[in-house]
Structure formats: C-alpha cells, structure tokens
Amino acid sequence: MNGSIPTAISCLAWGMLATGCSELSRSAHAQAGKVSSMGQSSGERPSWDEYFMEIARVAAKRSTCLRRQVGAVAVRNRQILATGYNGAPAGLAHCSEVGCVRATLGIPSGERHELCRGLHAEQNLIIQAAVHGVAMSDATVYCTFQPCVVCSKMLINAKVARVVFAGEYPDRLAYEMLQEAGVELSRIQQ
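Residues numbered from 1 in each chain as written. Predicted model: local features only at pLDDT ≥ 70, side-chain atom pairs only at ≥ 80, totals over all residues. Heavy atoms only, no water.

### Some details on the overall build of the protein chain
Link 1 in the chain: Looking only at helices and strands, one finds seven helices and five strands in the protein chain.
Link 2 in the chain: Ordering the α and β elements of the protein chain from the N terminus gives α-α-β-β-α-α-α-β-α-β-α-β.
Link 3 in the chain: A burial count over the protein chain gives 33% of its 190 residues as buried.
Link 4 in the chain: The long-range share in the protein chain, meaning contacts at least 24 apart out of those at least 6 apart in sequence, stands at 51%.
Link 5 in the chain: Carbon and sulfur atoms make up 56% of the accessible area of the protein chain, which amounts to about 11600 Å² in all. (Helix = DSSP H or I, 4+ residues; strand = E, 2+ residues; numbered from the N terminus. Buried < 20%, exposed > 50% of the residue type's maximum accessible area, 1.4 Å probe, protein only. Contact = heavy atoms within 4.5 Å. Areas by Shrake-Rupley, 256 points an atom, 1.4 Å probe, with all protein chains shown as cover.)

### Some remarks on helix H2 (residues 48-60)
Because each turn of an α-helix spans 3.6 residues, side chains separated by three or four positions in sequence point in the same direction.
Link 1 in the chain: Taking 1.5 Å of rise per residue, 13 residues should cover 18 Å, and H2 covers 18 Å from first to last C-alpha, within 8% of that figure.
Link 2 in the chain: Considered for burial, the residues of H2 that qualify are Phe52, Met53, Ala56, Ala59 and Ala60. The arc that holds the buried residues of H2, viewed along the axis, is 105 degrees, so those residues lie on one side.
Link 3 in the chain: Each element contacted by the buried residues of H2 is listed here: strand E1 (71-76), strand E2 (79-85), strand E3 (140-145) and strand E4 (162-167). (Expected span 1.5 Å × (residues − 1). Arc of directions from axis to C-beta.)

### As for the pairing of E2
Link 1 in the chain: Note that E1 and E2 share six bridges and pair antiparallel. By the bridge assignment for E2, Ala74 is matched with Ala82.
Link 2 in the chain: Hairpin connection between E1 and E2: a loop of two residues separates the two successive antiparallel strands, and Asn77 in this loop has a positive phi of roughly 55 degrees. (Pairing = 2+ DSSP bridges.)

### Concerning the nonpolar core
Link 1 in the chain: Formed by 21 residues in total, the largest nonpolar core has its most connected members in Leu125, Met136, Val141, Val160 and Val163.
Link 2 in the chain: Sort the elements by how many residues they give to this core and helix H5 (residues 121-131) lands first, with four residues.
Link 3 in the chain: The residues touching Val160, leaving out its near neighbours within four places in the chain, are Met136, Ala139, Val141, Leu155 and Val183.
Link 4 in the chain: Among the nonpolar cores identified, the runner-up in size contains nine residues, and Phe52, Val73, Tyr142 and Ile188 belong to it. (Core = buried A, V, L, I, M, F, W, Y, C linked by side-chain atoms within 4.5 Å.)

### A look at the environment of Gln69
Link 1 in the chain: Secondary-structure assignment places Gln69 in the loop between H2 and E1.
Link 2 in the chain: Here Gln69 falls in the partly exposed class, since its relative accessible area comes to 39%.
Link 3 in the chain: For Gln69 and Gly87, which are 18 residues apart along the polypeptide, the C-alpha to C-alpha distance reads 8.8 Å.
Link 4 in the chain: Those residues in contact with Gln69, other than ones at most four positions away along the chain, are Ala60, Ser63, Asn86, Thr144 and Phe145.
Link 5 in the chain: A polar atom in the side chain of Gln69 sits 2.4 Å from the backbone oxygen of Cys65. (Polar contact = N/O pair within 3.5 Å; in protein donor to acceptor, adjacent residues only side chain to side chain.)

### Focus on the environment of Glu97
Link 1 in the chain: As for its placement among the helices and strands, Glu97 is situated in helix H3 (residues 95-98).
Link 2 in the chain: Taking the relative accessible area as the measure of exposure, Glu97 reaches 56% and is therefore exposed.
Link 3 in the chain: C-alpha of Glu97 to C-alpha of Thr64: the two residues are 33 residues apart in sequence and 8.8 Å apart in space.

### A closer look at the packing of helix H6 (residues 149-157) against helix H7 (residues 172-180)
Link 1 in the chain: Direction vectors running N to C along H6 and H7 enclose 15 degrees, while the axes themselves pass 8 Å from each other. Classified by the angle their axes make, H6 and H7 are roughly parallel. The crossing of H6 and H7 is right-handed. Listed contacts from H7 to Val149, Ser152, Lys153 and Ile156 of H6 are Leu173, Ala174, Met177 and Leu178.
Link 2 in the chain: Here the contact of H6 with H7 is built from residues that sort into six nonpolar, one polar and one charged. (Axes fitted to C-alpha atoms, helices over the stretch in contact; angles between N-to-C directions. Parallel < 35°, antiparallel > 145°, perpendicular 65-115°, else oblique. Left-handed = near helix turned anticlockwise from the far one by under 90°. Nonpolar A, V, L, I, M, F, W, Y, C, P; charged D, E, K, R; others polar.)

### Regarding the side chain of Thr64
Link 1 in the chain: One can find Thr64 in the loop between H2 and E1.
Link 2 in the chain: Looking at Thr64, its side chain comes within polar contact range of the side chain of His94, at 3.2 Å.

### Things to note about H5
Link 1 in the chain: Considered for burial, the residues of H5 that qualify are Ala121, Glu122, Gln123, Asn124, Leu125, Ile126 and Ala129.
Link 2 in the chain: Tucked into the core, H5 has its buried residues touching E1, E2, E3 and H6.
Link 3 in the chain: One or two positions beyond H5, positive phi appears at Gly133, with a value near 70 degrees.

In structure tokens, the structure reads:
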C-alpha cells in the first residue's frame, strides 16, 4: 500500500508535467514566426561565423579609438582563445582622453600605422593570447574589419589558418599577403 501512494502521486505529477509541456510546446510554436530583437526569427540560430563575428562586434565596443572601433576574436574548434580591440596600451591614456595623433597630423586611414597611440584589435588579440600562453596556430580570427598589412603579417606568423572579416580596409597588400601565405579569407556581410 505504501508503494502505491508514491506511484499514484508520480503518475499524477507526470500527467500534469506532460500537460504543462504540451502547453509550453504550443506556446513555442505560436512564437516561432515572430522576429526577435536580433533580426532573426526566434526559431533560427546564427551560423558559427555569424556568432563569432557578433562577439567581435561586442569586443569593438570596448575600443577607445576616435576614428574606427575594431574588434577581433580568435577561435579554434569553436572555442574562444582570445579577444582584442583597438586602443592605447594598458595603463596609458586613451585617444578619447588625449586626442588622435593621426587626426592632428591629417594621416589617412591605411597609411603610416606607426603614427598612432593605439594598437590594432588583431595586435591586442595576439598579445592577449601570448600573455595567457595560448597558441594561435590553426585558429580562425574574426575581425570587424579586414586586417591591415602589419596585422596580416603578425597573423601569418602566428599561423592563423583563416580570417573572417566584415568591413573592408584600404590595404590591398594585406589581402595579397594573406592569400600568398595560404590563409583562408572570408568576408561576412554586416
């Protein structure tokens, strides 16, 4: 007799749970056609490239550059290795505090990279990986903009296998060097 009471309660609970589940299921199906705040219908998932690019875009929001906010994420086997964004070296005043050297000197984008207080997102990404003892070999790097030639050379030497970028950057040599090194390049729409 004692064994039948818990069994009856379990069956009753299971019946309520099953009914509740079917109610939740009906509710979920009713919501499936609605568009979420990210612009996808609630039943869709982003591709892995879209997912990691969105993380790079979030990293870019940490940038203190007055001209262009750039973010980067290194990934291997769908695991994040490191992130980076453009800005002044740790502990130094940000361009947002002291002004932009490049703007003051009238230097166009894509030229004279050495005349800047900040590091590029890809440079900070590689440095963060190195500081934490993380190898970048065979990684995919997601960048909100195509890497410049300096960053491209660093990515090549870090043995990055693939670069996915969203925005273009005026640096044809960077593109050519990545191709020559056998780094796969993919552009994802913004």
